[in-house]
Amino acid sequence: MFDLLPKTVEIVEVGPRDGLQNEKTSLSAQDKIDFIDQLSLVGCKRIEAGSFVSPKWVPQMASSDEVFRTIKRVDGIRYSALTPNMKGFDLAMQVGVQEVAIFGAASQSFSQKNINCSIQESLERFAPVVEKAKQHNIPVRGYVSCVLGCPYEGDIKVEDVVTVSTALLDMGCYEISLGDTIGVGTPLKTKALIEACLLVIPSSQLAVHFHDTYGQALANILTAIQLGIRVIDSSVAGLGGCPYAKGASGNVASEDVVYMLHNMGINTGIDLNKLIQVGKSMSHKLNRNNGSKVGVAGS
Ligand code: HMG
Ligand code: MG
């Protein structure tokens, strides 16, 4: 049953972006910088550090330019940012962002609520971003939201996820992160989705991004790993959610993912004790409960 387990899995720490974008307490730029600098010391090789979106839509991300200008960039760590359009991409380039992400959806209604356009229009907006990124040698990640359910439309067809994912890859994204934005997926649905994606997309180009609203994220991650997925998005202390997906809780907690993987003999390169300390201090700063079970048990 567990014969397909890998030796290593890569964690993409999305706490500073997906985590903080939905927290009630808006952190100062300096607090975000300190947070990212602490994360840079735990051994994580990919950190999503902010987003260049409209401050009217997501005020929590308004200081991403200052954040990118000031964080201590550690060699070997990729610090990325969301850029939904050319304006966002240009702003990101002004502060030396090394990797960007565009974010689409498999649900029309979610696309409209989140980025104010249809799926087709979003692809048209993303195309010049990816073109310009190629000119600057900037890798582009593609997100697809609502892959296992939508807060407005309910069930989402697997074919719709595959269509948007392949469109983003054809455009030039190097990886697709499949987002269970509201955390409604269960292992069998996850299996069906990933198997459908794998018919047309190599596993090396897929990542998974689970929110833990219904406590299913670790089970879904294990399912994904068994199917060959090797890149997992997670957020320290289980911070966050999506402001345009009511009820979505935070991402699966990084500490919980790392604990599960390490205790199954799968390396992440992350120092779990240091990660727990970062999660504890961030929860304290945000005056919220620590969303990581491991963070609480290990404290
Ligand atoms: P719009 O209102 O249609 O944009 O928003 P617009 O082009 O009409 O411009 C309106 C105003 O916004 C103008 O300013 C623009 O300059 C400004 P004004 O003239 O009114 O002063 N503007 C910008 N400002 C800063 N940066 C920009 C930018 N673009 C325009 N990049 C837009 C369209 C996409 C900008 C807006 O809908 C938006 O910012 N949406 C972002 C929503 C968001 O960040 N959601 C959370 C991230 S997605 C997520 O969490 C899911 C994920 O985690 C995966 C998962 O869990 O599924 C990735
Ligand atoms: Mg998310």
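Everything here concerns the structure above.
Rules used throughout
- Residues numbered from 1 in each chain as written.
- Chains lettered and ligands numbered in written order.
- Predicted model: local features only at pLDDT ≥ 70, side-chain atom pairs only at ≥ 80, totals over all residues.
- Heavy atoms only, no water.
- Axes fitted to C-alpha atoms, helices over the stretch in contact; angles between N-to-C directions.
- Helix = DSSP H or I, 4+ residues; strand = E, 2+ residues; numbered from the N terminus.
- Parallel < 35°, antiparallel > 145°, perpendicular 65-115°, else oblique.
- Contact = heavy atoms within 4.5 Å.
- Nonpolar A, V, L, I, M, F, W, Y, C, P; charged D, E, K, R; others polar.
- Donors = N, O, S within 2.8 Å, 3.2 Å for Na, K, Ca; no water.
- Buried < 20%, exposed > 50% of the residue type's maximum accessible area, 1.4 Å probe, protein only.
- 1 Å grid on protein atoms, 1.4 Å probe; cavity = no way out; pocket = protein on both sides within 12 Å on 5 of 7 lines; lining within 4 Å.
- Points joined across faces, edges and corners; volume = space filled by probe spheres on them.
- Core = buried A, V, L, I, M, F, W, Y, C linked by side-chain atoms within 4.5 Å.
- Pairing = 2+ DSSP bridges.

Caption draft 1: Geometry of the packing of helix α4 (residues 86-94) against helix α6 (residues 119-135). The geometry of α4 relative to α6 is characterised by a closest axis approach of 9 Å and an angle of 25° between their N-to-C directions. Taken together, the axis directions place α4 and α6 in an arrangement best described as roughly parallel. The residues of α6 that touch α4, namely those facing Met86, Phe89 and Asp90, are Pro128, Val129, Lys132 and Ala133. For the contact of α4 with α6, the class distribution of residues is 5 nonpolar, no polar and 2 charged.

Caption draft 2: Focus on the coordination of the magnesium ion (ligand 2). Each protein donor to the magnesium ion (ligand 2) is listed here as Asp18 (OD), His209 (NE2) and His211 (NE2); together their distances run 2.0 to 2.3 Å. On the primary sequence, the residues serving as donors to the magnesium ion (ligand 2) are separated as D-x190-H-x1-H. Here the residue aspartate 18 occupies a position in helix α1 (residues 15-19), and histidine 211 occupies one in the loop between β7 (206-210) and α9 (217-226), the gap between them amounting to 193 residues. This pair shows no difference in class: aspartate 18 is buried, exactly as histidine 211 is.

Caption draft 3: Inspection of empty space enclosed by the protein at higher detail. In the structure shown here, the tally under the stated rule is 2 cavities of 30 Å³ or more. Taken together, Val12, Arg46, Ile47, Glu48, Arg78, Ser80, Glu99 and Arg141 make up the lining of the largest cavity. Going through the elements one at a time, β2 (46-51) and β3 (78-82) are the ones with two or more residues in the lining of the largest cavity. Among the elements that make up the lining of the largest cavity, the one with the highest residue count is β2 (3 residues).

Caption draft 4: The nonpolar core, seen in detail. The biggest cluster of nonpolar side chains holds 96 residues, and the ones touching the most others in it are Phe68, Ile102, Val161 and Leu168. Ignoring anything within four residues of it in the chain, the contact list for phenylalanine 68 reads Ala49, Gly50, Phe52, Arg73, Tyr79, Ser80, Ala81, Val95 and Val97.

Caption draft 5: Up close: the side chain of threonine 83. Tracing the backbone shows threonine 83 in the loop between β3 and α4. Apart from residues no more than four positions distant in its own chain, threonine 83 is found in contact with Phe52, Gly88, Phe89, Ala92, Val100, Ala101, Ile102, Phe103 and Val129.

Caption draft 6: How the structure looks around the sheet that holds strand β1 (residues 10-13). Spatial ordering of the closed barrel is given by β1-β2-β3-β4-β5-β6-β7-β8, a layout of 8 strands whose pairing is parallel. Along the sheet, successive strands turn relative to each other by an average axial angle of 25°, direction set aside. Here 5 bridges tie β2 to β3, and the two strands are oriented parallel to one another. If you follow arginine 46 over to β3, its bridge partner there is arginine 78. Most of the contacts of helix α8 (residues 187-198) go to β7, to which it runs at about 155°, and overall it touches β6 (175-180) and β7.

By themselves these figures say nothing about function.
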